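Descriptive analysis of the structure
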Amino acid sequence: MGQFSDSWAALRAAVAVLDPRNFAQPSGCAGWLVRDLVCHLVIDAQDVLITLVTPTDAEVTRDALTYWEVSRTPPTGEDPLDALTVRLAAAYGDPALLKFHLDDVGSAAERAADLADPHARVGTQGQVLTVGDYLDAYVLEWTLHHLDLVAHLPGVPGPPAAGLARSRAMLGDITGAPFPAEFSDDDILRLATGRRAPTDLELTALGETAVQLPFVLG
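Residues numbered from 1 in each chain as written. Predicted model: local features only at pLDDT ≥ 70, side-chain atom pairs only at ≥ 80, totals over all residues. Heavy atoms only, no water.

As recorded in an unreviewed UniProt entry, the protein goes by Maleylpyruvate isomerase and comes from Mycolicibacterium peregrinum.

Set out below in structure tokens:
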């Protein structure tokens, strides 16, 4: 649960240092500007708050790994929910309002996570997880979106090393793919999830795994 808070705090801190002009830059999410991604983070924070106050006595159906569904179809940004996020982000107008809302709701989500019982069960998306597994799954969410945030903003701090390492390990366990040890955590997460195309040398090193790419998590 500590990695949840660390990854989330680092992501929010990166948003806090953005220049207003950065919000109009493309993000690593197809079809989304940085402002759209930040708006999505606000929605994510709301989801965390809602889930943590949705306890259940039902049997657990998923864990931190099986929480994720894997497909090979990259998002285009044209999904109705994605399109709604874009319209919502534009409605903020001033990037300072987006920053404020993320800090406000995001801080509350972090406090709720810190106070939660990791063994308690919660319901989300028709599934039941322990709080610990639910928050662990979000380490991968925060890390991937942190990479999305800084994809075209090289001066903005990236994800913490511990979150990158944990996310790489989770992605390997989720997909069963044997990622080359010599690849950095950053490169594996970007390549494997379709956030950038592999070079010819990387394709060779990936071997049979290359034909399975991308692993799109949802």
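**Brief notes about the overall build of the protein**
Which entries qualify depends on this criterion: Elements are defined by DSSP. Helices are runs of H or I of four residues or more, strands are runs of E of two residues or more, and each kind is numbered from the N terminus. Our radius of gyration looks at C-alpha atoms and nothing else; its globule reference is 2.2 Å times the residue count to the power 0.38. Three exposure classes are used, based on accessible area relative to the maximum for each residue type with a 1.4 Å probe and protein chains only: buried under 20%, partly exposed in between, and exposed over 50%. All accessible-area figures derive from a Shrake-Rupley calculation using a 1.4 Å probe, and residue coverage is judged against the displayed protein chains alone.
Secondary structure assignment for the protein yields eight helices and four strands. Taking 2.2 N^0.38 as the reference for a compact globule, 218 residues should give roughly 17 Å; the C-alpha atoms of the protein span a radius of gyration of 17 Å, in line with that estimate. Along the first, second and third principal axes, the C-alpha atoms of the protein reach 45 × 45 × 30 Å. Across the 218 residues that make up the protein, the buried fraction comes to 46%. As presented, the protein carries roughly 10,400 Å² of accessible surface, and 57% of it is formed by carbon and sulfur atoms.

**Some words on the layout of surface pockets**
Rolled over the atoms, a probe as big as a water molecule pinpoints where empty space is left. Here is the rule we go by: Here the term cavity refers to a set of points on a 1 Å grid, laid over the protein atoms alone, in which a 1.4 Å probe fits but cannot get out; the term pocket refers to an open set having protein on both sides within 12 Å along at least five of seven lines, with lining residues being those that place an atom within 4 Å of a point. Grid points are joined across faces, edges and corners, and a volume is the space filled by probe spheres set on the points. Lys, Arg, Asp and Glu make up the charged group, whereas Ala, Val, Leu, Ile, Met, Phe, Trp, Tyr, Cys and Pro make up the nonpolar group; the residues left over, Gly among them, are polar.
Computed from the structure, the largest pocket encloses a volume of approximately 1,200 Å³. For the largest pocket, the lining is made up of 37 residues, of which H40, E141, H145, L217 and G218 are closest to its centre. Elements that contribute at least two residues to the lining of the largest pocket include exactly α2 (34-52), α3 (80-92), α5 (131-150) and β4 (216-217). Looking at the lining of the largest pocket element by element, the count peaks at six residues for α2. A breakdown of the residues in the lining of the largest pocket according to their chemical character gives 16 nonpolar, 13 polar and eight charged.

**Some details on the pairing of strand β3 (residues 127-130)**
Let me state the cut-off plainly: Should DSSP find at least two bridges between two strands, the strands are regarded as paired.
Alignment of strand β2 (residues 121-124) against β3, held across four bridges, turns out to be antiparallel. Looking across to β3, one finds that T124 is bridged to Q127.

**What about the nonpolar core?**
Generally speaking, a soluble globular protein has its nonpolar side chains buried in company with each other. To be explicit about the condition: Grouping buried Ala, Val, Leu, Ile, Met, Phe, Trp, Tyr and Cys residues that are joined through side-chain atoms within 4.5 Å yields what is termed a nonpolar core. Residue contacts are counted whenever heavy atoms from the two residues lie within 4.5 Å of one another.
In terms of nonpolar packing, the biggest core is built from 61 residues, with F4, W8, Y134 and L149 touching the most fellow members. When residues in this core are grouped by element, the largest group, twelve residues, is from α5. If sequence neighbours within four positions are ignored, F4 has contacts with V48, A109, A113, L135, Y138, V139 and W142.

**A few points about the pattern of salt bridges**
This is how the line gets drawn: Put simply, a salt bridge is a Lys or Arg side-chain nitrogen that is within 4 Å of an Asp or Glu carboxyl oxygen.
Applying the stated criterion across every chain yields a total of eleven salt bridges. Through salt bridges that share partners, D187, R196 and E202 make up one connected network.

**What about the packing of α5 against helix α7 (residues 185-192)?**
Angle between the axes and distance between the axes are the two parameters that describe a pair of packed helices. Rules: Whenever a helix is involved, its axis is fitted only over the stretch in contact; in every case the axis is a line through C-alpha atoms, and angles between N-to-C directions fall within 0 to 180 degrees. Reported orientations rely on four angle classes, namely roughly parallel under 35 degrees, roughly antiparallel over 145, roughly perpendicular from 65 to 115, and oblique for the rest.
One can describe the packing of α5 onto α7 by two numbers: an axis separation of 11 Å at closest approach and a directional angle of 90°. One way to sum up the angle between α5 and α7 is to call them roughly perpendicular. For the pair formed by α5 and α7, the contact residues are L140, T143, L144, L147 and V150 on the first element and D186, L189 and R190 on the second. Of the residues assigned to the contact of α5 with α7, the class counts are five nonpolar, one polar and two charged.

**Some points on the environment of G194**
By secondary structure assignment, the location of G194 is in the loop between α7 and α8 (200-206). On the basis of relative accessible area, G194 is assigned to the partly exposed category, the value being 43%. When the C-alpha atoms of G194 and R72 are compared, they prove to be 9.0 Å apart, with 122 residues separating the residues in sequence.

**Some points on the pairing of β2**
The alternating pattern of β2 places V122 and T124 on a buried face and R121 and G123 on a face that is not buried. Two successive antiparallel strands, β2 and β3, enclose a turn made up of two residues, where Q125 displays a positive phi of approximately 50°.

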